[in-house]
Amino acid sequence: MSERIAVVTGASRGIGRAIAMALAKDGATVIVNYNGSKERAFAVVEEIREAGGRAEAIGCDVSDFKGAEELFQRIARDYGRIDILVNNAGITKDGLLMKMSEEDFDRVISINLKGAFNCIRHASRQMLKQRSGRIISISSVSGVMGNAGQANYSASKAGIIGLTKSAARELAGRGITVNAVAPGFIDTEMTQALSDKVRENAAAQIPLGHFGQAEDVAAAVAFLASGQAGYITGQVLCVDGGMAM
Ligand code: NAP
């Protein structure tokens, strides 16, 4: 993967951080995107550099169409190419449907789904010129199966699947593959925020019996970004301990 340029959104912690580390280990130069957590993003870059890799942190709120355009224009200008885009940035604002505010619905759709659209829209301009590229977006089992208390989040993650399949069909003729990875319950700050009771109930629904690690998701993304996955497009790979089967 040497000399390939990868962009990972929301890479300041959790799954995004693990993806950035895995792609850097495979030889890619990684753009570590963040929104609020600047110091943590710089720490990820430092960790990659200490391990002998190449990385740079760039802040951008992916839900901002213009901001995302500037991000990808800057990367194309500075590095001359964009080989891999990983749409990982995401948030939750859980609540029962009847109590969910309009703001909480809109914010989750805006970051999780529109953010992925914004990045695909602007990164694909450079990929189309190159006639090559890999786009991988992080969906969720909630988008595949639905989940009570997550109407906004599940809709955004199901939307990622439709976006992935449509983009895969549009971009296939130019050598660009587009896939989604749908994690189940993964041990990160997002799930550490859940109560012990919710975590226990969740683990009981997982055939393998336990939460996954960020590195489990990163390994699937690294595979889809690799030369070995060149004939795979429009797919949703569940990394969920068997939960959604
Ligand atoms: P996390 O620990 O909460 O990290 C979320 C990341 O997204 C942070 O780096 C955050 O950066 C970034 N982010 C949030 N809003 C952003 C914005 N507007 N623009 C750019 N970056 C933004 O979450 P995680 O558990 O690693 O989840 C990563 C992805 O996997 C998400 O899409 C999530 O929905 C998905 N997922 C997670 C699980 C799970 O069990 N953990 C399961 C299925 C799917 P800043 O702090 O810098 O804003």
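All values derive from a computational prediction rather than experimental measurement.

Would you explain the environment of Gly 95 in this entry?
Tracing the chain through its elements places Gly 95 in the loop between strand S4 (84-87) and helix H4 (102-130). Residue Gly 95 is classed as partly exposed on the basis of its relative accessible area, which comes to 24%. In sequence terms Gly 95 and Ile 135 are 40 residues apart; their C-alpha atoms lie 31 Å from each other. Beyond its immediate chain neighbours, meaning those up to four positions away, Gly 95 contacts Met 100, Gly 149 and Gln 150.

What is the right way to read the pairing of strand S5 (residues 133-138) from this model?
On any regular strand, side chains alternate: one points to one face of the sheet, the next to the other face. Taking burial as the measure, the six residues of S5 include six buried ones, the bulk of the element. The two faces of S5 match: Gly 133, Ile 135 and Ser 137 on one face and Arg 134, Ile 136 and Ile 138 on the other face are all buried. Bridge count between S4 and S5: four bridges; the pairing is parallel. If you follow Leu 85 over to S5, its bridge partner there is Ile 135.

What's the story with the pattern of salt bridges in this structure? I'm lost.
Side chains carrying opposite charge are able to pair once their charged atoms draw close together. Enumeration according to the criterion identifies ten salt bridges in this entry. The salt bridge partner of Glu 56 is Arg 74, with a shortest N-O separation of 3.1 Å. Within this pair, whereas Glu 56 is found in strand S3 (residues 54-59), its partner Arg 74 is found in helix H3 (residues 65-79), the two being separated by 18 residues in sequence. With a shortest N-O distance of 2.8 Å, Lys 66 and Glu 69 are connected by a salt bridge. Taken together, the residues span about one helical turn, with Lys 66 and Glu 69 both in helix H3 at a distance of three residues. Residues joined by salt bridges that share partners form a network here, namely Glu 56, Arg 74, Arg 77 and Asp 78.

What should I look at first to understand the sheet that holds strand S6 (residues 176-183) in this one?
Strands in a sheet are paired, the pairing made by backbone hydrogen bonds, and the direction either parallel or antiparallel. Overall, parallel pairing links the seven strands, which are arranged S3-S2-S1-S4-S5-S6-S7 in an open sheet. Looking at the sheet topology across the chains shown, the edges are occupied by S3 and strand S7 (236-239). Going across the sheet, the axis of each strand differs from the next one's by a mean of 20°, ignoring polarity. Two strands pair when backbone bridges link them, and S6 and S7 are joined in this way by four bridges, in the parallel orientation. Bridged to Val 181 within S7 is Leu 237. Where helix H2 (residues 38-50) meets the sheet, its contacts fall on strand S2 (29-34) and S3, and the angle it forms with S3 comes to roughly 170°.

What exactly am I supposed to notice about the site of the ligand here?
Near the ligand lie 31 residues; those nearest to it are Ser 12, Ser 37, Asn 88, Tyr 153 and Thr 188. Contacts to the ligand include Ser 12, whose side-chain N or O atom sits 2.7 Å from an oxygen atom. Contact between the ligand and Arg 13: an oxygen atom at 2.8 Å from a side-chain N or O atom of the residue. Isolated, the ligand exposes 900 Å² of accessible area, and the fraction of that covered by the protein chains is 95%. For the shell around the ligand, the elements supplying multiple residues, two or more each, are helix H1 (14-25), S2, helix H6 (151-171) and helix H7 (189-192). By residue class, the composition of the shell around the ligand is 14 nonpolar, 14 polar and three charged.

Got a minute to help me understand H6 in this structure?
Each full turn of the α-helix corresponds to 3.6 residues, which orients residues three or four apart in the same direction. Compared with an ideal rise of 1.5 Å per residue, which puts 21 residues at 30 Å, H6 spans 30 Å between its outermost C-alpha atoms and is within 8% of the ideal. Restricting attention to buried positions, one finds in H6 the residues Asn 152, Tyr 153, Ser 154, Ser 156, Lys 157, Ile 160, Ile 161, Leu 163, Thr 164, Ala 167, Ala 168 and Leu 171. Check the buried side of H6 and you find it contacts H4, S5, helix H5 (141-145), S6, H7 and S7.

Would you mind showing me how to read H4 here?
End to end, H4 covers 40 Å across 29 residues, agreeing with the expected 42 Å (1.5 Å per residue, within 8%). The sharpest bend along H4 reaches about 35° and sits at Lys 114. Arg 131 lies just past H4 and shows a positive phi near 60°.

Rules behind the numbers
In this convention, every chain numbers its residues from 1, walking through the sequence in written order. With the structure being a predicted model, the display of local features is reserved for residues of pLDDT at least 70 and the display and counting of side-chain atom pairs for 80 or more, all residues being used for whole-chain, interface and lining totals. Here the side-chain values reflect all heavy atoms present in the structure, with hydrogen atoms and water set aside. In DSSP terms, a helix is any run of H or I states spanning at least four residues, a strand is any run of E spanning at least two, and both are numbered starting from the N terminus. Buried, partly exposed and exposed residues are distinguished by accessible area as a fraction of the type maximum, computed with a 1.4 Å probe on protein chains only: under 20%, between the cut-offs, and over 50%, respectively. By the convention used here, residues are in contact when the closest approach between their heavy atoms is within 4.5 Å. Strand pairing is assigned whenever DSSP detects at least two bridges linking the two strands. Any carboxyl oxygen of Asp or Glu within 4 Å of a side-chain nitrogen of Lys or Arg constitutes a salt bridge here. Only the contacting stretch of a helix is used when fitting its axis, a line to C-alpha atoms as for every element, and angles between N-to-C directions run 0 to 180 degrees. If even one non-hydrogen atom of a residue comes within 4 Å of a molecule or strand, that residue is called near it. Definition of a polar contact: a pair of N or O atoms within 3.5 Å, with one able to donate and the other able to accept a hydrogen when the atoms are protein atoms, and with sequence-neighbouring residues admitted only if both atoms are side-chain atoms. Method for areas: the Shrake-Rupley scheme with a 1.4 Å probe, in which residue coverage is limited to the protein chains shown. For this classification, the nonpolar set comprises Ala, Val, Leu, Ile, Met, Phe, Trp, Tyr, Cys and Pro, the charged set comprises Asp, Glu, Lys and Arg, and every other residue, Gly included, is treated as polar. To estimate how far a helix should extend, the number of its residues minus one is multiplied by 1.5 Å. For a residue, the bend is simply the angle between two axes, fitted respectively to the seven-residue segment ending there and the seven-residue segment starting there.

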